Structures are given as structure tokens and as C-alpha cells.
Amino acid sequence: MFRILFILLALLSHPSQAQTPITKDAANAYYRNCKAQSDPRLRPETQEELCACTAVQMMEKMSVQEVQTMARNDQSGRMALNKMLVEVYAPCINFPVQDMISEECMNDPKVDMAGLKMDKAALCDCMGEKTGAWMASAGKALMGQILARNPNITDPIGPVMENKAFRQQAYENMMACMSGL
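A brief structural summary. (Residues numbered from 1 in each chain as written. Predicted model: local features only at pLDDT ≥ 70, side-chain atom pairs only at ≥ 80, totals over all residues. Heavy atoms only, no water.)

With that settled, the discussion passes to helix H10 (residues 164–178). For H10, which comprises 15 residues, the first-to-last C-alpha distance of 21 Å matches the rise-based estimate of 21 Å (1.5 Å per residue) to within 8%. Within H10, burial applies to Phe166, Gln169, Ala170, Asn173, Met174, Ala176 and Cys177. Taken around the axis of H10, the buried residues stretch over an arc of 165°, which confines them to a single face. Looking at the buried positions of H10, the neighbouring elements they touch are helix H6 (94–106), helix H8 (120–149) and helix H9 (157–162). (Helix = DSSP H or I, 4+ residues; strand = E, 2+ residues; numbered from the N terminus. Expected span 1.5 Å × (residues − 1). Buried < 20%, exposed > 50% of the residue type's maximum accessible area, 1.4 Å probe, protein only. Arc of directions from axis to C-beta. Contact = heavy atoms within 4.5 Å.)

Printed below as a string of C-alpha cells:
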């Protein structure tokens, strides 16, 4: 994900005035480059949804200057990157979370031993959908909390998936799915 953002930096590396909006052309170029990347944790259609969402969020929430600042190896660069994580990535994190929770559920031997009265794939898909939906609303706040504890993360997926509140919500979603809610 982050190497894709640096591709955007190259596309935006012309001198400009203060707070220049990211153009639709630049966002579309980012989207195409993002889609061309592969993340083994994501299905191709999820990668596409994530790329589309982050391209839109980037246009709405960041300026060319902020994206350029992210490349700097100093405090202002870190602050710009953290802004991107909260304002651009967090509102879109529901897409990878849905895939990853569903996959985690499918590979969990404890789910096999639970004596399910429903199809495992249906349970895992339900759990992924509910947890992804929760992340769509709670993602920004959760990302802010994670960054408050460790402002120097580079890939937020691990810290999100390991977060106690996230794990609790995923468990509650599994129980709701098992109850047919």
C-alpha cells in the first residue's frame, strides 16, 4: 500500500502553490498503479475496491504538498503519513479487513471444532462482512488510537487486526453470525 503512495509522489512531483488539490487525473493514475500491485492478503476485487476508495479519499482529504511531505524522513513527513493513515486509509480499511477476517475464520481450527449448525463459509463470510462494516464506522477512531500508542507504524493492518477492541468486535460478530443476527 505504501509503495503505491510513493508512486503517487512521483506523479505529483512538480513545484506547486500552497495546498494544491490532488487532481482527478493524479488520483486516477494512483488508482491504476495501485490496482497493478498485488497484496497476497487480498482478493483482486478487494484490492480494486481499496484502491478506488483510497484514491477518492486522497482527493478529498489531502493536498499535493501533504503527499509530497510524506516522502520526507522527518517529523513533518511522519505527521503527513499519519494523516494519510487516519484520513485516507482508515475509511477504506473495511475492504481488506473483510477479506482477512473471513480468511482467518476459514483457517481457524477452533471454528471446525465448534460444532457449527451452519455452513463454515457462510459463518466466515458473515463475520467478515460484519467486521468490515464495523471498521467502516470505527476505522478512523481505531487508527487514531493505534497511532497514539505507536506513531511510527508503517503497515497498519497488523496493529489493527491485533487490537483488543477489534478482536472483541470480531468475536461479537462471530457470535451474532452464529445466532443468525
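Take the nonpolar core next. Ranked by internal contacts, the top residues of the largest apolar core, which has 48 residues, are Met62, Met84, Tyr89, Ile93, Met143, Val160 and Phe166. Among the elements of the structure, helix H2 (24–36), helix H3 (44–61), helix H4 (64–69), helix H5 (75–89), H6, H8, H9 and H10 are those that each provide at least two residues to this core. Ranked by residues supplied to this core, first place goes to H8 with nine residues. (Core = buried A, V, L, I, M, F, W, Y, C linked by side-chain atoms within 4.5 Å.)

What follows deals with the pattern of salt bridges. Going through the model one piece at a time under the given rule, you end up with nine salt bridges. In this structure, arginine 41 and aspartate 39 form a salt bridge, with 3.0 Å as the shortest nitrogen-oxygen distance. For arginine 41, a relative accessible area of 35% corresponds to the partly exposed category. The class of aspartate 39 is buried, set by a relative accessible area of 18%. Here arginine 72 ties to aspartate 74 by a salt bridge, and the two come within 2.9 Å at their closest N and O atoms. For arginine 72, a relative accessible area of 46% translates into the label partly exposed. Overall, the relative accessible area of 33% leaves aspartate 74 in the partly exposed class. (Salt bridge = Lys/Arg side-chain N within 4 Å of Asp/Glu carboxyl O.)

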